[in-house]
Structure formats: structure tokens, C-alpha cells
Amino acid sequence: MMRWIFAAVFVALVALFLLLSIQKVPLDAVGVVTDNFGSGVQEVDREPGYHFIVPGFQTLNLWDPTLQVIHLEKGTHGDSRVHIRGKDQYTTHLDMTVLYRIRRDERGKTQAWAVAKKLGSKERLHEIAIRNSNKVIWEVMSDLATEEFYDTAPRTLHSQRAHATLNETLKEEGVEVL
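For the structure given in this document, a descriptive report is provided here. (Residues numbered from 1 in each chain as written. Predicted model: local features only at pLDDT ≥ 70, side-chain atom pairs only at ≥ 80, totals over all residues. Heavy atoms only, no water.)

With that out of the way, let us pick up the overall build of the protein chain. Of regular secondary structure, the protein chain possesses 4 helices and 12 strands. Relative to the 2.2 N^0.38 estimate, which gives 16 Å for 178 residues, the radius of gyration of the protein chain is 24 Å and therefore markedly larger than a compact globule would have. Dimensions of the protein chain along its principal axes, counting C-alpha atoms only, are 90 × 40 × 25 Å. In the protein chain, which comprises 178 residues, the proportion classed as buried is 35%. Total accessible area on the protein chain is roughly 11300 Å²; 59% of this is exposed by carbon and sulfur atoms. Of note, the protein chain has its 21 positive side-chain charges centred 5 Å away from the centre of its 23 negative side-chain charges. (Helix = DSSP H or I, 4+ residues; strand = E, 2+ residues; numbered from the N terminus. Rg over C-alpha atoms; globule rule 2.2 N^0.38 Å. Buried < 20%, exposed > 50% of the residue type's maximum accessible area, 1.4 Å probe, protein only. Areas by Shrake-Rupley, 256 points an atom, 1.4 Å probe, with all protein chains shown as cover. Lys, Arg positive; Asp, Glu negative; His and termini not counted. Charge placed at Lys NZ, Arg CZ, Asp CG, Glu CD.)

Before going further, it helps to examine the sheet that holds strand S11 (residues 96-102). If you walk across this open sheet you meet the 3 strands as S6-S11-S12, and the pairing is antiparallel. The open sheet has two free edges, formed respectively by strand S6 (68-72) and strand S12 (175-177), since each of these has just one partner strand. Taking each pair of neighbouring strands and ignoring which way they run, the sheet shows an average axis angle of 30°. Pairing geometry for S6 and S11, over 5 bridges, is antiparallel. Considered in S11, the bridge of Leu72 is made with Met96. (Pairing = 2+ DSSP bridges. Axes fitted to C-alpha atoms, helices over the stretch in contact; angles between N-to-C directions.)

A separate point is the pairing of strand S3 (residues 40-46). As a general feature of sheets, a regular strand has side chains that alternate between the two faces. Burial of S3 is extensive: 5 of the 7 residues sit out of reach of the surface. Both strand S2 (residues 30-35) and S3 contribute to a ladder of 4 bridges, which runs antiparallel. Counted as the bridge partner of Thr34 is Val41 from S3. Connecting S2 to the antiparallel partner S3 that follows it, the hairpin turn spans 4 residues.

What follows concerns helix H3 (residues 122-141). Taking 1.5 Å as the rise per residue, H3 with 20 residues should run 28 Å; its terminal C-alpha atoms sit 28 Å apart, in good agreement. Burial in H3 covers these residues: Leu125, Ile128, Ala129, Asn132, Ser133, Val136, Ile137, Val140 and Met141. For H3, the angular spread of the buried residues around the axis is 150°, confining them to a single face. (Expected span 1.5 Å × (residues − 1). Arc of directions from axis to C-beta.)

Once that is clear, we can look at the side chain of Thr92. Positionally, Thr92 belongs in strand S10 (residues 91-94). Given a relative accessible area of 11%, Thr92 falls into the buried group. Setting aside chain neighbours within four positions, we find Thr92 in contact with Val82, His83, Ile84, Thr146 and Phe149. (Contact = heavy atoms within 4.5 Å.)

Shown next as C-alpha cells:
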């Protein structure tokens, strides 16, 4: 009788361990596994599906590989517009939208593990994207005079230059601007 109780407890513990070990990565996410007592971030992204994670020794963090949006605008939560002092010394308030995502390798696979290793969290990634967007847009667009913001040709030229500069700036963080 005692043998059956030990067997039942053992089976229950194994079932509990397996239940805690299997974790799901949803379709709209990429999993990054961190070894808590060893090498740190594993250098491979976990595709959507079920994955075996050793509880306590590994942690699965979900990253969003889809398109992310930064709105620099005046809204109900404050004013995040870029305030640019142009070459004519007048201030222009610029609403902008920046689209970005985690950079992909040559095969089209995301490199979320590299971003996780460098930055540590999704929130830090978003902060860096916002800070660099403000900085680059301010630096590039401040070459315009106030009336040039209403002229399509110079504004488009400066927007393209800002896009290229921002892409180059965020490249080292593992981010691409679209």
C-alpha cells in the first residue's frame, strides 16, 4: 500500500514538473530564453509554439517582433512633439510617427536575443527608440527655416535624411526603422 502512495506522489511530481516546464510562445511573439545560473541569454529566438523551459534555471521572456509605433504628438497624455528651432530661430512644433521593429538577419529571422542581451528589456528598447528619434529628428530638421516645413521638396529631403540617420543610429541597438 505504501508503495502505491509513493508511486502516485512521484507521478504527480513528475506531472507537475512537466506542466511547469512547458511554456507557450504565442503567434505574435518571439521567445528569448535566459539561463539564470549560467550563460545568460541563449543566442537563439524561440519561434511560436511550445518549448521546454527548466523551471527556476531558465526564464522565457516574450518579445514583440512586429511593427512598433512611436507617435510624437500633442495628445491627452501631454506633448511629445519635437520642438525644433529652425535656422531662422523660430520654433516649429513637429508631429511625427516613427515605425520600427527588431532587426532581422539575412534569412528574415528576428534577432530578439541580441536585443535582449544588449538592452535587457522591451521597455528599455522603446525608451532608446524614443530618445534617439527625438535627437535625430531635432538635429536633422533644425536645418530648415520655418517656411521650408510647408514646402514639400526640402521637407521630404530632410525626412529621408532623418530616416537614414535614425536607421544607422539604431542599427547598433538591433533595431530597424521602416
